[in-house]
Amino acid sequence: MQLIARGILAENPIFKLALSMCPAVGISTTVMNGFMLGVAVLFVQVFSSMTISIFKNVIHPRIRIPTYTLTIATWVTVIDLVLAAYLPDAYAKMGIFVKIIVAFAIITMRLEMFACKETVKDSFWDALGMGLGFMVGMMVIGFVRELLGSGAVMGYDVLGFKPLLFFILPSAGFFVVGLMMGFFNWIELYYKRKKGVK
Amino acid sequence: MTPAKYIHVVAAALLFWLMPFAAVAEGLVVDQKFKGDKEIVVSFSAPVDQAVAENPANYTVFEEPDPDIKLEVASAVLAAGGKSVTLSFKDKLNTAMTHVVVAKGLAGIEKTTFTVSKSYLGYLFGILISALLINNFVFTKYLGLCVFFGTSKKKSTAKGMGVVFTLVMVVSALMSWVFYNFILIPFNLNFLQIVVFIGLVSLTVQAIDTILRKVNPVLFNSFGVYLVLVIANCVIIAVPLILANNNYNVFETFMLALGAGGGFLLALYLMSSVSERMQLANIPPSFKGLPIAFIVAGQFAMAFLGFSGLQLF
């Protein structure tokens, strides 16, 4: 449980570790897009963590990085083919980003730091936490951009007007992520200062 | 052979290879070109009959790869003198493709067939410019952001990183092209794309690392650090995937890789220049570091949006 919470909050891959930013900026225009890519990353993260954890005793330390890469590549291929077969519409929207999961630093980092040392059960929970953290981050950014950009949530029109069309534009991804990171830092600083006063 | 002679040989080979594209159709048709993205202008060596030339039904136009999809000619207008005709189309043409035009009954000839295409060198250059500016990998495709934000603190680092990236990108893209066209496609192993490409990229990085260490230790000392970072980056793997998606040939691949690498270098350099200035600025504490870098990148992205209307050829 602790491991999951850590992935979502204390070590959130997007806002705290600032890893795997590319999709966070690239396709987080709607909540749905964020959710879909989040699921894909979650899948790859969990399965490659478990694979590495199972085989950790037979992997020679000198070839561990190539092994990680190939493991991730295999699972990315699996999710890539599955999405292309069953959800062609969503897959078309995500474009190249599904295949790019293979180069996500966050997944390799978790394998290197956690899965190659711990038991299968622990690495499953850790991977789940990280994947969920990524998914939540993507969905939050997607929510902000969708709400402000097209006045909708999950495709349903809620505001009835389009407050800032700018947020749908690609470049706004940078602004939203930057502002949100600043916001989270601000909260953190605020609490630290409070503690310091006490 | 001296290097200078090599250049001549290469140039000759290139010219020979490009010949079919530059060749002008013989006989009746003297010149043919795209005008805007909805019209084709054809010039003739002799005046043609107006009634025949202005009947849209006499023309059949299609893109070379798919002859079954006929493009509808909305109108054909003969210019004064009867030596040139302008074909207008209902829908926009994909001017990057070679178009085949078949005309019936012109000047008494039953069928006249000719092709319309942009100059191929121009098209190649278009790919380069597109990858460099219009579809800049960092600012409009959002790839390689981890490294982008990680190494854009100092100008010297940014330059080194950009050069190493371009080098790795070109080498690995060309290798991927060879593997894709001669191994993956013939043996129907397309689903192994990701595994093969990531392997090739790692291999290239490792190879450059080893070669540079032996050949030029000075350069290695200044660039070696970045090589490790290159593997875990999505820009590098994106190039092979894009070329596989678009079925690029080897020249197009080279141009794409060069443009992508150059674009990355450009982005890093721009960003690092701003970062150096920003160290003097008074930034709110909660925005220090990454948040402000993101906002600056957002402004760059907006500026690069301006390139989207750029069309050179």
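Data block above holds the structure.
From a predicted model like this one, the values you see are computed outputs, not experimental measurements.

## Re the overall build of chain B
Summing up its helical and strand segments, chain B has 10 helices and eight strands in all. Out of the 313 residues in chain B, the part that is buried amounts to 34%. Counting only contacts in chain B whose residues sit at least 6 apart along the sequence, the fraction spanning at least 24 positions is 69%.

## Regarding the environment of B:Leu265
All names here are of chain B. Counting through the fold element by element, Leu265 comes out in helix H9 (residues 250-278). Separated by 59 residues in the primary sequence, Leu265 and Gln206 place their C-alpha atoms 21 Å from one another. If we ignore the near neighbours within four places in the chain, the residues touching Leu265 are Gly162, Val163, Phe165 and Thr166.

## What to know about the nonpolar core
Judged by nonpolar contacts, the single largest core of 106 residues is most densely connected at A:Val102, B:Ile237, B:Ala238, B:Val239 and B:Leu256. With 11 residues, the top contributor of residues to this core is helix H5 (residues 155-184) of chain B. Apart from residues no more than four positions distant in its own chain, B:Ile237 is found in contact with A:Ile100, A:Val102, A:Ala103, B:Phe197, B:Ile198 and B:Val201. Counting residues in each nonpolar core, the second largest holds 13 residues, with B:Ala53, B:Val85, B:Ala103 and B:Val116 among its members.

## Re the interface of chain A and chain B
Between chain A and chain B, the contact holds 35 residues from the first and 31 residues from the second. Looking at the side of chain A that touches chain B, the elements with two or more residues in it are helix H2 (21-26), helix H4 (64-86), helix H6 (97-100), helix H7 (105-115) and helix H9 (172-197) of chain A. Element by element, the count of residues in the side of chain A that touches chain B is highest for H9(A), at 11 residues.

## Structural notes on the pairing of strand E3 (residues 59-63) of chain B
Side chains on a regular strand alternate between the two faces of the sheet. Residue and element names in this part refer to chain B. Bridge count for E3 against strand E7 (residues 99-104) is five bridges, and the pairing is antiparallel. Bridged to Glu63 within E7 is His99. By the bridge criterion, two bridges tie E3 to strand E4 (residues 70-71) in an arrangement that is antiparallel. In the strand pairing of E4, Val61 is matched with Leu71.

## Examining the pairing of E7(B)
Residues and elements named next belong to chain B. Alternating residues of E7 divide into His99, Val101 and Ala103, all buried, and Val100, Val102 and Lys104, none buried. As judged from the six bridges shared by E7 and strand E8 (residues 111-116), these two strands associate in the antiparallel manner. Across the sheet, Val101 pairs through a bridge with Phe114, a residue of E8.

## Points about the sheet that holds E7(B)
Hydrogen bonding along the main chain pairs the strands of a sheet, whether they run parallel or antiparallel. Taken together, four strands build an open sheet; the order of strands is E4-E3-E7-E8 (chain B) and the sheet is antiparallel. The sheet terminates laterally at E4 and E8 of chain B, the two strands that pair on one side only.

## Examining helix H10 (residues 290-305) of chain B
With 16 residues, H10(B) extends 22 Å between its outermost C-alpha atoms, agreeing within 8% with the 22 Å of an ideal straight helix rising 1.5 Å per residue. If you check which residues of H10(B) are buried, you get B:Pro291, B:Ile292, B:Ala293, B:Phe294, B:Ala297, B:Gly298, B:Ala301 and B:Phe304.

## Quick word on the packing of H5(B) against helix H8 (residues 234-246) of chain B
All names here are of chain B. Where H5 contacts H8, the axes come no closer than 9 Å and their chain directions differ by 35°. Judged by the sense of rotation from one axis to the other, the crossing of H5 with H8 is right-handed. Residues Val168, Met169, Ser172, Ala173, Ser176, Trp177 and Tyr180 of H5 pack against Ile236, Val239, Pro240, Leu243 and Ala244 of H8. The residue inventory of the contact of H5 with H8, partitioned by class, reads 10 nonpolar, two polar and no charged.

## Description of the environment of A:Val25
Position of A:Val25 among the secondary structure elements: in helix H2. Put simply, A:Val25 and A:Gly173 are 148 residues apart on the chain and 4.5 Å apart in space, counted from C-alpha to C-alpha. Contacts of A:Val25, omitting those with residues within four sequence positions, involve A:Gly173, A:Phe174, A:Val177, B:Tyr142 and B:Leu145.

## Quick notes on helix H3 (residues 120-134) of chain B
Side chains of residues three or four places apart in an α-helix project in the same direction, reflecting 3.6 residues per turn. Residues of H3(B) that are buried include every one of B:Gly126, B:Ile127, B:Ile129, B:Ser130, B:Ala131, B:Leu132 and B:Ile134, and no others. On its buried side, H3(B) packs onto H9 of chain B.

## Brief notes about unusual backbone geometry
Residues and elements named next belong to chain B. We note that Asn188 has phi near 60°; this positive angle belongs to a residue other than glycine. Considering the arrangement of structural elements, one finds Asn188 in the loop between H5 and helix H6 (193-215). One non-glycine residue, Asn247, lies in positive phi territory at about 55°. Within the fold, Asn247 resides in the loop between H8 and H9.

## Focus: the packing of H5(B) against H9(B)
Residues and elements named next belong to chain B. At their nearest, the axes of H5 and H9 sit 8 Å apart, and the two run at 165° to each other. Comparing their axes, H9 and H5 come out roughly antiparallel. The handedness of the crossing between H5 and H9 is right-handed. Residues of the contact of H5 with H9, tallied by class, amount to 19 nonpolar, seven polar and three charged.

## Quick notes on the environment of A:Val153
All names here are of chain A. By the element assignment, Val153 lies in strand E1 (residues 152-153). Classification of Val153 by C-beta neighbours within 10 Å gives partly exposed; the count is 16. C-alpha separation for the pair Val153 and Lys93, spaced 60 residues apart in sequence, amounts to 17 Å.

What counts, and at which threshold
Residues numbered from 1 in each chain as written. Chains lettered and ligands numbered in written order. Predicted model: local features only at pLDDT ≥ 70, side-chain atom pairs only at ≥ 80, totals over all residues. Helix = DSSP H or I, 4+ residues; strand = E, 2+ residues; numbered from the N terminus. Buried ≥ 20, exposed ≤ 12 C-beta atoms within 10 Å, placed from the backbone. Contact = placed C-beta atoms within 7 Å. Core = buried A, V, L, I, M, F, W, Y, C linked by C-beta atoms within 7 Å. Pairing = 2+ DSSP bridges. Expected span 1.5 Å × (residues − 1). Axes fitted to C-alpha atoms, helices over the stretch in contact; angles between N-to-C directions. Left-handed = near helix turned anticlockwise from the far one by under 90°. Nonpolar A, V, L, I, M, F, W, Y, C, P; charged D, E, K, R; others polar. Parallel < 35°, antiparallel > 145°, perpendicular 65-115°, else oblique.

As far as function goes, none of this settles anything; it's purely spatial.
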